[in-house]
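Below are the chains, spelled out letter by letter.
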Amino acid sequence: MSKRLDYNQIAPAGVKALGGVYGYIMQSSLPPVLVDLVYLRISQINNCAYCLDMHTRDLLKKGQNIEKIALVQAWREASNLFDERERAALAWAETVTRVADTGVPDQAYEAVHAVFDERELVDLTIAIGLMNTYNRMAISFRNTPQAALEK
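Nothing here was measured: the structure is a model prediction, and the numbers come from that model.

**What about the environment of Ala108?**
Here's step 1: Position of Ala108 among the secondary structure elements: in helix H8 (residues 106-113).
Here's step 2: Residues Ala108 and Met131, spaced 23 residues apart in sequence, show a C-alpha to C-alpha distance of 20 Å.
Here's step 3: Contacts of Ala108, omitting those with residues within four sequence positions, involve Trp92 and Thr95.

**Describing the pattern of salt bridges**
Here's step 1: The tally for this structure, following the rule as stated, stands at 7 salt bridges.
Here's step 2: For Glu94, the salt bridge goes to Arg76, with nearest N and O atoms at 2.7 Å. One end of the pair, Glu94, is in helix H6 (residues 84-97); the other, Arg76, is in the loop between helix H5 (66-70) and H6, and 18 residues separate them in sequence.
Here's step 3: What makes Glu94 buried here is its relative accessible area of 7%.
Here's step 4: Glu120 is the partner of Arg85 in a salt bridge, and the nearest nitrogen-oxygen pair spans 3.1 Å. Here Glu120 lies in helix H9 (residues 118-140) and Arg85 lies in helix H6, a separation of 35 residues in the sequence.

Calculation rules
- Residues numbered from 1 in each chain as written.
- Predicted model: local features only at pLDDT ≥ 70, side-chain atom pairs only at ≥ 80, totals over all residues.
- Heavy atoms only, no water.
- Helix = DSSP H or I, 4+ residues; strand = E, 2+ residues; numbered from the N terminus.
- Contact = heavy atoms within 4.5 Å.
- Salt bridge = Lys/Arg side-chain N within 4 Å of Asp/Glu carboxyl O.
- Buried < 20%, exposed > 50% of the residue type's maximum accessible area, 1.4 Å probe, protein only.

By themselves these figures say nothing about function.
Written out as structure tokens, the structure is:
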């Protein structure tokens, strides 16, 4: 697949606005590794090769082991690799990303709210929305993953 267009060049103000939201999340109290795990899981759900490549690389740079990264998609079965907050964040990311199918049930909210305070939960949900937006941009306009450029 070839890139359809460069949205960074066409709508720099829009991309900058998204970057502002990204910056907000990075300065929040959410741990950066937790955020990257959530970003990776959302990108798996959405099949975004560009973002899968980027977040895998980010997690590796942050010292996460390959086994944990490889098992993000099956985190429930590999739950001993993920702490309580990571499991709650991954479950919340899944239900919010699939909102049209899940309706984000009360049980999911209660589970995540048990381990995240209100501010963290709002910030986590903003991060989830942002990554879903980035996935849709990268997929729609066919951003090429770094790994494909290296071949």
